[in-house]
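Inside the fold
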Amino acid sequence: SCGGGGGGQSPRGSLTPMTNSPCSSNCSSRKSSFGDLGDIKVGIVYIRNVENVTVRIIKARNVGGVFKSNQKDLRIYCKICLTPGKQQKQHTHDVEGTQDPVFKETFLFKGMKAEQLQKCQVRIRVYNKCSGLRRDEFLGETRLPLNTLPESELTKIWCDLQPKSGIEDLGSLTVSVCLEKNAGILTVSVIRGKDLPRNILTGAPDPYVKILIVQESRAVLMKKTKTKKKTTCPVFKEVFTFHVSTSPEDLDHTSVELTVYDRTKILSDDVIGQVKLGCSATEENEIRHWEDIMDNNGQPCPATHDIMEPDETMYLPHASGTTYL
């Protein structure tokens, strides 16, 4: 069956991955102006009568290229979803200690009508799992357009891993943060979100934001906003105060995590994405914002951040079929 990864090897080029670089779109061309980030072997098929897309992540080779030659530090996994938006997010298990991981895992994307395939892609991103509060390290991605997707028989193909293509399509979040070092008070104002993704089945999300303050050897502090109904541009204007340690050592190991959720009536709420400040920040704007907060004691520091893909640990593999546009 297709779920077991069966089917013959199709001719190269019958299903062509999209490319983010000026290099050839032919899968056999492994070099680009961005360098060799490795490649990944996948299988894919569309079963029309049940409206399912099956994706099999088989294996990868030379992941990260020369940039990841220290293999003992590697814990590689893949995130898989349908785009545009973040449809039916899933991920593989981790494979440690190798640039040539073997996954052999199959993922099912349900409820995909034939007309939807014309505007959708399978996006596969490869990550190295990082320890502590740091975001996992992006190693490369590939995108497969579904408008030429084969039916009934699993097609296998090698795909070059490419650099990340632009910013996330998850919208933005505007927040203001003020640290009063003498009083030990951190104030987080969640102001608004913009251009959040729409659910393909239910339309605009019901968003809210959960704020976590994490300091080593201290209890995690959590508060959340009210839920806004059916909007991709929620206005929150809510202010939260947290009592924190302001010793230099503790501030160096402080993480402020703002996670945007879509409240659902079925199962658990869906994670849309995150903004991270402090020691867990990875984006330039996040890092600069935290530096401004540290340099302006007692002064509110506002900033607008692109909402980034959530950490792998924030959702379960083979999750329920939530689809976003």
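Quantities reported herein were computed from a predicted structural model and do not represent experimental measurements.

What follows deals with the overall build of the protein chain. If you tally the helices and strands in the protein chain, you get 2 helices and 17 strands. Across the 325 residues of the protein chain, 54% fall into the buried class.

With that settled, the discussion passes to the environment of Val122. Inspection of the secondary structure assignment puts Val122 in strand E7 (residues 121–128). Residues Val122 and Thr83 lie 39 residues apart in sequence; the distance between their C-alpha atoms is 6.4 Å. Setting aside residues no more than four positions away along its own chain, Val122 makes contact with Ile44, Val55, Ile80, Cys81, Leu82, Thr142, Arg143, Leu144 and Leu146.

Pairing within the open sheet is antiparallel, and its 4 strands lie in the order E6-E2-E1-E9. A strand with exactly one partner marks an edge of an open sheet, and here the two such strands are strand E6 (102–109) and strand E9 (155–160). Across the sheet, the axes of successive neighbouring strands diverge by a mean angle of 20°, strand direction being ignored. Of the pairings in the sheet, the one linking strand E1 (residues 39–47) to E9 comprises 6 bridges and is antiparallel in character. Across the sheet, Gly43 pairs through a bridge with Lys156, a residue of E9.

What follows is about a positive patch on the surface. Taken together, the side chains of Arg198, Lys229, Lys230 and Lys265 define a basic patch exposed on the protein surface. Position of Lys265 among the secondary structure elements: in the loop between strand E15 (254–262) and strand E16 (270–278).

Our focus in this paragraph is the pattern of salt bridges. Opposite charge on two side chains makes pairing possible when the charged atoms of those side chains draw close. Per the counting criterion, the structure on display carries 12 salt bridges. Arg75 serves as the salt-bridge partner of Glu96, at 3.9 Å between the closest nitrogen and oxygen. In this pair, Glu96 is assigned in strand E5 (residues 95–96) and Arg75 in strand E3 (residues 75–83), connecting sequence segments 21 residues apart. For Arg75, a relative accessible area of 32% gives the class partly exposed. A salt bridge links Asp269 to Arg263; its shortest N-O distance comes to 3.4 Å. Each member of the salt-bridge network shares a partner with another, and the members are Lys79, Arg123, Arg125, Glu141, Arg143 and Glu309.

What follows covers the packing of aromatic side chains. One pass over the full model with this rule turns up 3 aromatic pairs. Relative to Tyr127, the ring of Tyr77 has its centre 5.8 Å away and its plane inclined at 20°; by these criteria the two rings are stacked. In this pair, Tyr77 sits in strand E3 while Tyr127 sits in strand E7, placing the two residues 50 residues apart along the sequence. Take Tyr77 and Tyr127: they sit in the same class, and that class is buried. Relative to Tyr261, the ring of Tyr208 lies with its centre 5.2 Å away and its plane at 10°, an arrangement referred to as stacked. Linking Tyr208 in strand E12 (residues 207–215) with Tyr261 in strand E15, this pair joins segments that are 53 residues apart in sequence. A residue is classified by how much of its surface remains accessible, and Tyr261, at 11% relative accessible area, is buried. These aromatic residues form a ring-pair network of at least three members: Tyr77, Tyr127 and Phe138.

All right, on to the confidence of the model for the protein chain then. Looking at the protein chain as a whole, its pLDDT mean stands at 82, while 81% of the residues score no less than 70. Scored below 50 in pLDDT, residues 1–13 makes 27 contacts in the model with residues more than four places away or belonging to other chains.

To continue, consider the pairing of E16. Of all the 9 residues making up E16, 9 are buried; the element is thus mostly covered by neighbouring parts of the structure. Note: E15 against E16, 8 bridges, orientation antiparallel. Bridging across to E16, Glu257 finds its partner in Lys276.

Time to look at the pairing of strand E14 (residues 235–243). Successive side chains on a regular strand alternate, one facing one side of the sheet and the next facing the other. Burial along E14 is one-sided: Phe236, Glu238, Phe240 and Phe242 are buried, while Val235, Lys237, Val239, Thr241 and His243, pointing the other way, are not. When strand E11 (residues 185–194) meets E14, the two strands line up antiparallel, connected through 7 bridges. In the sheet register, Leu186 faces E14, and the bridge partner there is Phe242.

Attention now goes to unusual backbone geometry. With a phi angle near 55°, Glu51 is a residue other than glycine that sits in the positive phi range. Turning to its location among the elements, Glu51 is positioned in the loop between E1 and strand E2 (52–61). Residue classification places Glu51 among the partly exposed positions, given a relative accessible area of 28%. In this structure, Lys104 is a non-glycine residue whose phi angle is positive, near 50°. Note on Lys104: relative accessible area 55%, which makes it exposed.

A few words on the sheet that holds strand E10 (residues 172–180). Across the sheet, which stays open at both edges, the 4 strands sit in the order E14-E11-E10-E17 with antiparallel pairing between neighbours. Because the sheet does not close on itself, it has two edges, and the strands there are E14 and strand E17 (301–306). The sheet shows a mean angle of 20° between the axes of neighbouring strands, direction not considered. This element, helix H2 (residues 284–295), spans E10 and E17 of the sheet and lies at about 170° to E17.

Thresholds applied
Residues numbered from 1 in each chain as written. Predicted model: local features only at pLDDT ≥ 70, side-chain atom pairs only at ≥ 80, totals over all residues. Heavy atoms only, no water. Helix = DSSP H or I, 4+ residues; strand = E, 2+ residues; numbered from the N terminus. Buried < 20%, exposed > 50% of the residue type's maximum accessible area, 1.4 Å probe, protein only. Contact = heavy atoms within 4.5 Å. Pairing = 2+ DSSP bridges. Axes fitted to C-alpha atoms, helices over the stretch in contact; angles between N-to-C directions. Patch = residues over 30% accessible without salt bridge, like charges linked within 9 Å, V, L, I, M, F, W, Y side chains within 5 Å. Areas by Shrake-Rupley, 256 points an atom, 1.4 Å probe, with all protein chains shown as cover. Salt bridge = Lys/Arg side-chain N within 4 Å of Asp/Glu carboxyl O. Lys, Arg positive; Asp, Glu negative; His and termini not counted. Charge placed at Lys NZ, Arg CZ, Asp CG, Glu CD. Phe/Tyr/Trp six-rings, centres within 6.5 Å; stacked < 30°, edge-to-face > 60°. pLDDT = per-residue confidence, 0-100.

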